[in-house]
Amino acid sequence: MTRDLKGYGGTPPHPHWPGDARLAVSFVVNVEEGAELSVSLGDERNEAVYEIVEEVVGVPDPAKDTHFDYGTRAGYWRIMELFDRYGAKAQMNCCARALTLSPWLARDMVARGHEIACHSYRWERHANMDEDQERAVIARCVKEIRAAAGVRPVGWHTRSASSPNTRRLLVEEGGFLYDSDHYGDDLPMILTVGGRPHVILPYAFDTNDMRFQRAGGFHFAEDFARYCCDAIDWLWEEGRTAPKMLSIGLHLRIIGRPGRIAGLARVLEHIAAKGGIWIARRDEIARHWRALNGLPDVP
């Protein structure tokens, strides 16, 4: 694997976002509940990371299970009501097993107009998967998401580290428009993979509600809102001449808590008041980037 440390080299392309927006904001809602490693679901071990860090070994862990369950039982509906209030559409970054276990969520996401993308099958990294195993995981994801949601995913994001083969296997599968396994820029890019142009959309761990957990720095809803709004304001000012893209990462079981959801409300209020911001699904951004670079749309 090679690293590109230069990127756009201080002269980024102008993205010409729709409506001459100064900034494109992508809300990414990670749907992982039921995909975490769980002995109760037949997995080899329990997930050790949730509101606390503790691994229960050899037996089911109902404390961990129900922490994740909160996301689908309560958090999801709270988040959806807020997005509906502001007319905002998001990318639902779904682990395939999560949708297989909660197909009613998949149908509701589609009905509300959100994009369904793939966050692997289980909530796990791909770094150590061999090629055949990873190819089979990708195929299973597409099959099960299509069965649950009625649509196939065109976007992909690996939890944490991908493998050296992930991007090539996504292109080989043939139906993926983009992946988000990249944290190194404020704009999309296009790479040629297997002889085909493939869109890469950056993601971020700082403008992300994951920082509410494990001493991540966010304690109150205002912490999340202030940080995200500061990022929005800075990029909006840059957008006078050089518009960018901002990803805001959310999780059903994290931002969906009543003590945190006000932070998301304040971010949406701030965007609405500021104007000149395009809230976009990631598939919309990827298709725009292809067109900007003279590439044809894909089915």
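Everything quoted here is computed from the prediction, not taken from an experiment.

Engineer: Can you walk me through the overall build of the protein in this structure?
Structural biologist: The helix and strand inventory of the protein stands at 9 helices and 9 strands. Against the 2.2 N^0.38 benchmark of 19 Å for 299 residues, the protein shows a C-alpha radius of gyration of 19 Å, consistent with a compact globule. Based on the C-alpha atoms only, the size of the protein along its principal axes is roughly 55 × 45 × 35 Å. Relative to its full complement of 299 residues, the protein shows a buried share of 52%. A separation of at least 24 residues holds for 70% of the contacts in the protein among residues at least 6 apart in sequence. In the form shown here, the protein has an accessible surface area of approximately 13,300 Å², with 53% of it arising from carbon and sulfur atoms. With 37 positive and 42 negative side-chain charges, the protein shows a spacing of 2 Å between the two charge centroids.

Engineer: Any chance you could explain the packing of aromatic side chains here in plain terms?
Structural biologist: Ring pairs (aromatic) are described by centroid distance and by the angle formed between their planes. If you walk through the whole model with that rule in mind, you get 13 aromatic pairs. Arranged with centres 6.0 Å apart and planes meeting at 40°, the rings of tryptophan 17 and tryptophan 289 form a pair that is tilted. Placement of tryptophan 17 in the segment before strand E1 (23–31) and of tryptophan 289 in helix H9 (residues 282–292) is noted, with a sequence separation of 272 residues between them. Each member of the pair, tryptophan 17 together with tryptophan 289, is buried. With centroids separated by 6.0 Å and ring planes inclined at 90°, the aromatic side chains of tryptophan 156 and phenylalanine 176 adopt a geometry described as edge-to-face. Residue tryptophan 156 is found in strand E4 (residues 155–156), and its partner phenylalanine 176 is found in the loop between helix H5 (166–173) and strand E5 (178–179); the two are separated by 20 residues along the sequence.

Engineer: Mind showing me how you'd approach H9 here?
Structural biologist: For the α-helix, the turn length of 3.6 residues means that residues three or four positions removed from each other point alike. Among all positions of H9, only Arg282, Asp283, Ile285, Ala286, His288, Trp289 and Arg290 are buried. Phi for glycine 294, located one or two positions after H9, is positive at around 75°.

Engineer: What is the right way to read unusual backbone geometry from this model?
Structural biologist: Trans is the prevailing form of peptide bonds, just as negative phi is the prevailing case for residues other than glycine. Its identity as a non-glycine residue notwithstanding, aspartate 20 has a phi of 55°, on the positive side. Among the secondary structure elements, aspartate 20 is positioned in the segment before E1. By relative accessible area, which is 71% here, aspartate 20 ends up exposed. With phi around 60°, serine 160 is a residue other than glycine that occupies positive phi space. Inspection of the secondary structure puts serine 160 in the loop between E4 and H5. Residue class for serine 160 comes out partly exposed when judged on its relative accessible area of 39%.

Engineer: Would you explain the pairing of E1 in this entry?
Structural biologist: Note on strand geometry: in a regular strand, side chains alternate between the two faces of the sheet. Most of E1 is tucked away, with 9 of its 9 residues classed as buried. Both E1 and strand E8 (residues 244–251) contribute to a ladder of 8 bridges, which runs parallel. Residue pairing in the sheet places valine 29 in a bridge with leucine 250 of E8. Both E1 and strand E9 (residues 277–279) contribute to a ladder of 3 bridges, which runs parallel. Each residue of the ladder has a partner; that of valine 25, found in E9, is isoleucine 279. The sheet contact formed by E1 and strand E2 (residues 91–94) spans 4 bridges and is parallel. Bridging from a neighbouring strand, valine 29 pairs with methionine 92 of E2. Since E1 and E2 lie parallel, the crossover through helix H1 (residues 62–86) that links them has a hand, and here it is right-handed.

What counts, and at which threshold
Residues numbered from 1 in each chain as written. Predicted model: local features only at pLDDT ≥ 70, side-chain atom pairs only at ≥ 80, totals over all residues. Heavy atoms only, no water. Helix = DSSP H or I, 4+ residues; strand = E, 2+ residues; numbered from the N terminus. Rg over C-alpha atoms; globule rule 2.2 N^0.38 Å. Buried < 20%, exposed > 50% of the residue type's maximum accessible area, 1.4 Å probe, protein only. Contact = heavy atoms within 4.5 Å. Areas by Shrake-Rupley, 256 points an atom, 1.4 Å probe, with all protein chains shown as cover. Lys, Arg positive; Asp, Glu negative; His and termini not counted. Charge placed at Lys NZ, Arg CZ, Asp CG, Glu CD. Phe/Tyr/Trp six-rings, centres within 6.5 Å; stacked < 30°, edge-to-face > 60°. Pairing = 2+ DSSP bridges. Right-handed = clockwise from strand over helix to strand, strands pointing away.

Such coordinate-based values are descriptive only and should not be taken to indicate function.
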